[in-house]
Amino acid sequence: MGRKKLYIETYGCQMNVSDTEVIFAIMAGRGYDRTEDITDADIILANTCSIRDNAEQRIHGRIEQFAKEKKQRPGVIVGIVGCMAERLKEALLDSGKVDIVAGPDSYRNLPTLVDAVRPGHPQIDVMLSHEETYADISPVRMDKNGVSAFVSIMRGCNNVCSYCVVPYTRGAERSRDPRTIVREVCELHAAGYKEVTLLGQNVDSYFWKSKEGTVDFADLLAMVADVSPELRVRFSTSHPKDISDKLIETMASRSNICRCIHLPVQSGSDRMLEKMRRRYSREWYLGRVAKIRKEMPDCAITTDIIAGFCSETEEDHRDTLSIMEEVGYDYAYMFQYSERPGTLAARNYPDDVPPEVKTRRLNEIIELQNRLGLESNKRDVGKTFTVLVEGPSKRNADELCGRASNNKMCVFPDKVHKAGDYVNVEVLSCTSATLICKLTR
Ligand code: SAH
Ligand code: SF4
Ligand code: F3S
């Protein structure tokens, strides 16, 4: 029998992108090749997200589509894996349209589950683990150009932010053996990769203990950055309560650690932060920002914001707008609060901000961020940056695009360079999304 074809759609955060690469690696060892054509697939998987209700609604829509595919080609296996599989468990099988349900810690078991599927006998494994980090698996890279890769350094989350479903879908926090991380980064470097992004829900609480001693996130970051000065290092996500002076100073000490910190604030109101169980205050947060600015004046700071959390007043909302102004975020991901069943907030606080008020507040936040983003880009006009070329720009085939260390997208006319090259550019002008540049020496 020939090799079979596996098709995976990935939703949600970068951790899921990284997990999909792990799944391809596990399945490749058992005779499955990747296909990007769903009509060609023997197995269709959706690696899913539960972070907000609309994320899950999208997946329900996809399950309907997959069912059509199954009707045309009986024998096709449909699996729901990832966070939504973990949250909904058996309930996903009720429709009769799903053959496999596998949680984020069950991917090693996927080939067995696939083999065991029979008509009318779906398979499920949603056991969470305290140890699984897939440390020994070399992910099958999905990126197209071989320039930039994600490396997962830990799994799960031990915080209990009251709105958040992640601790329930991904389980307890565990760090991956640093030797396996550095080995993976060395392999990527040897394969020509120029940039790695270290991933975890709360990278600042990375911790590894062995006979040789302990490794915290700052140590790990230094080890990875020292693989090669030619290799750029990024990481995500930092938690404001845990980001240490040592980490900030380690970043400042190495120019190949990119000048961008994703530091989700969620809200500018102390009352909301308390209720969200973020375990920092507005003042503490601004203190962290001041430390970052002191050590790295050129460092971009980006954030996540939730509008309309339980009992949020206009005053709380204005506190969010004012902290955004005060920090002057370079970029932000902005959301309306979406109640997630089973979380502390769902159990303890009514979701009482009316939908139209949530929408209005979110729109005000987005409008403000559009201005802040443009102002941030304008401050870069006239500066020169080293850009890692990603490829042709989407708008104009005579132009290349790539990111500066501060993660801003730069476009510039260039017929010489290619993906993976470093080039120096000068910023001539900007839009709210892009720096428009020319090549320079
Ligand atoms: N671990 C990261 C965040 C992971 S989830 C951190 O702690 O910062 C990504 C973002 O989704 C969060 O930062 C938050 O802004 C948003 N989010 C999480 N749960 C949400 C919910 N119930 N409703 C709306 N947004 C939510
Ligand atoms: Fe969710 Fe908070 Fe953990 Fe982030 S730190 S994943 S928001 S519980
Ligand atoms: Fe979504 Fe799970 Fe990531 S809920 S945001 S895919 S950790």
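Scoring rules and cut-offs
- Residues numbered from 1 in each chain as written.
- Chains lettered and ligands numbered in written order.
- Predicted model: local features only at pLDDT ≥ 70, side-chain atom pairs only at ≥ 80, totals over all residues.
- Heavy atoms only, no water.
- Near = heavy atom within 4 Å.
- Nonpolar A, V, L, I, M, F, W, Y, C, P; charged D, E, K, R; others polar.
- Pairing = 2+ DSSP bridges.
- Helix = DSSP H or I, 4+ residues; strand = E, 2+ residues; numbered from the N terminus.
- Axes fitted to C-alpha atoms, helices over the stretch in contact; angles between N-to-C directions.
- Contact = heavy atoms within 4.5 Å.
- Parallel < 35°, antiparallel > 145°, perpendicular 65-115°, else oblique.
- Left-handed = near helix turned anticlockwise from the far one by under 90°.
- Expected span 1.5 Å × (residues − 1).
- Buried < 20%, exposed > 50% of the residue type's maximum accessible area, 1.4 Å probe, protein only.
- Disulfide = S-S within 2.5 Å.
- Phe/Tyr/Trp six-rings, centres within 6.5 Å; stacked < 30°, edge-to-face > 60°.

## Side note on the site of ligand 3
Phase 1 of the analysis: Within the structure, ligand 3 sits among Cys13, Asn16, Thr48, Cys49, Ser50, Ile51, Cys83, Arg170 and Gln201.
Phase 2 of the analysis: Partitioning the shell around ligand 3 into residue classes produces four nonpolar, four polar and one charged.

## With respect to the sheet that holds strand S6 (residues 123-125)
Phase 1 of the analysis: One open sheet accounts for six strands, arranged S2-S1-S3-S4-S5-S6; its pairing is parallel. Of all the strands in the sheet, the pair left with one neighbour each is strand S2 (32-34) and S6. On average, each strand axis in the sheet is tilted by 20° relative to the strand beside it, whichever way the strands run.
Phase 2 of the analysis: Relative to S2, strand S1 (residues 4-10) runs parallel, the two sharing three bridges. What sits directly across from Leu6, in S2, is Arg34.
Phase 3 of the analysis: Contacting S1, S2, strand S3 (43-48) and strand S4 (77-82), helix H1 (residues 14-28) runs over the sheet at an angle of about 170° to S1.
Phase 4 of the analysis: Along the sheet, helix H2 (residues 53-72) makes contact with S1, S3 and S4, crossing S4 at roughly 160°.

## Focus on the site of ligand 2
Phase 1 of the analysis: Neighbouring residues of ligand 2: Cys157, Asn159, Cys161, Tyr163, Cys164, Val166, Pro167, Gln201, His239 and Arg278.
Phase 2 of the analysis: Taken together, the residues of the shell around ligand 2 sort by class into six nonpolar, three polar and one charged.

## Quick notes on the packing of helix H7 (residues 217-225) against helix H8 (residues 245-253)
Phase 1 of the analysis: Interaxial distance between H7 and H8 falls to 8 Å at its minimum, and their mutual angle equals 15°. Here H7 lies roughly parallel to H8, going by the angle between them. For H7 against H8, the interelement crossing comes out right-handed. Note on element contacts: H8 touches H7 through Lys246, Leu247, Thr250 and Met251, opposite Phe217, Ala218, Asp219, Leu221 and Ala222.
Phase 2 of the analysis: Counted by class, the contact of H7 with H8 contains six nonpolar, one polar and two charged residues.

## Concerning helix H6 (residues 178-190)
Phase 1 of the analysis: With 13 residues, H6 extends 18 Å from end C-alpha to end C-alpha; this agrees with the ideal 18 Å at 1.5 Å per step.
Phase 2 of the analysis: Along H6, the positions that sit buried rather than exposed are Pro178, Thr180, Ile181, Val182, Glu184, Val185 and Leu188.
Phase 3 of the analysis: Contacts made by the buried residues of H6 are with strand S7 (148-152), strand S10 (195-199), strand S11 (207-210), strand S12 (213-216) and H7.
Phase 4 of the analysis: Positive backbone phi, at 100°, marks Gly192, one or two positions downstream of H6.

## Focus on the state of the cysteines
Phase 1 of the analysis: Scanning the model with the defined rule gives zero disulfides in all.
Phase 2 of the analysis: Counting only cysteine sulfurs, Cys260 is the nearest neighbor of Cys258, a cysteine outside any disulfide, at a range of 8.2 Å.
Phase 3 of the analysis: Unpaired in this structure, Cys299 has its nearest cysteine sulfur neighbour in Cys260, at a distance of 6.4 Å.

## Focus on the pairing of strand S20 (residues 422-430)
Phase 1 of the analysis: Relative to S20, strand S17 (residues 384-392) runs antiparallel, the two sharing five bridges. Each bridged residue has a counterpart across the sheet, and for Leu388 the counterpart in S20 is Tyr422.

## A short note on the packing of aromatic side chains
Aromatic rings in a pair are described by how distant their centres are and how their planes are angled relative to each other.
Phase 1 of the analysis: Taken as a whole, this structure holds seven aromatic pairs when the rule is applied.
Phase 2 of the analysis: Considering the side-chain rings of Phe309 and Tyr349, the 6.5 Å spacing of their centres and the 85° angle between planes classify their relative orientation as edge-to-face. With a gap of 40 residues between them, Phe309 in the loop between strand S15 (300-307) and helix H11 (314-327) and Tyr349 in the loop between helix H12 (344-348) and helix H13 (355-380) connect regions that are remote in the sequence.
Phase 3 of the analysis: Take Phe309: its relative accessible area is 0%, and that puts it in the buried class.
Phase 4 of the analysis: Between Tyr331 and Tyr333, the aromatic rings sit 5.2 Å apart at their centres with planes inclined by 75°, giving edge-to-face as the arrangement.

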